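# Overview (structure and organization)
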Amino acid sequence: MSKLEQKKLMERVQQSAFFRNNGIVLKAVNLLRDKYVALEDICNALEPSMTEAEFRDAVNYLTECGYIRLRDIESKEFTTLADSSMNMLEAKVTADGIKIIACVRTDECIDV
């Protein structure tokens, strides 16, 4: 296998893991249904099958697409991962996120 083929294979593996991680995080946030759940608790529960960096990538993607909503644990104000420390955030699935989980809507970057 050439170096180029190896590189392409590695990129596909990483892409596949990203899609899978997005689905895992979306379903994990949905476990409490109508309640917010602390991101730190979800991240800890998913270790060691998912690194913190992979978790952050998934949370960022899901937030930017509108599938989950983040808020500050203390102030309850909506925010983003870019603007707050992960240990100060909690998440809840949005209506669009529920549609993804229910397979009513699809997103090529989420494996559910």
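These remarks concern the structure in this document. The model shown is predicted, which means the values in this text are computed figures rather than measured ones. (Residues numbered from 1 in each chain as written. Predicted model: local features only at pLDDT ≥ 70, side-chain atom pairs only at ≥ 80, totals over all residues. Heavy atoms only, no water.)

## Points about unusual backbone geometry
In the segment running from E47 into P48, the intervening peptide bond is cis, with an omega of 5 degrees. Along the chain, the position of P48 falls in the loop between α2 (39–46) and α3 (52–64). With a phi close to 55 degrees, R33 is a non-glycine residue in the positive phi region. Structurally, R33 is set in the loop between α1 (3–29) and β1 (37–38). Judged by its relative accessible area of 58%, R33 is exposed. Its identity is not glycine, yet C103 carries a phi of approximately 65 degrees, on the positive side. Residue placement: C103 occurs in the segment after α4 (95–101). In this structure C103 comes out as exposed when scored by relative accessible area, which is 55%. (Helix = DSSP H or I, 4+ residues; strand = E, 2+ residues; numbered from the N terminus. Buried < 20%, exposed > 50% of the residue type's maximum accessible area, 1.4 Å probe, protein only.)

## Examining the pattern of salt bridges
Taken as a whole and assessed by the stated rule, the structure comprises 4 salt bridges. The partner of E90 in a salt bridge is R71, and the shortest N-O contact between them spans 2.6 Å. Highlighted residues: E90 in strand β3 (residues 89–93) and R71 in strand β2 (residues 68–72), separated in sequence by 19 residues. Accessibility expressed as a relative area gives 8% for E90, which makes it buried. Residue classification places R71 among the buried residues on the basis of a relative accessible area of 18%. A salt bridge links D96 to R105; the shortest N-O distance between them is 2.9 Å. A relative accessible area of 35% means that R105 is categorised as partly exposed. One salt-bridge network, held together by shared partners, links R71, K76 and E90. (Salt bridge = Lys/Arg side-chain N within 4 Å of Asp/Glu carboxyl O.)

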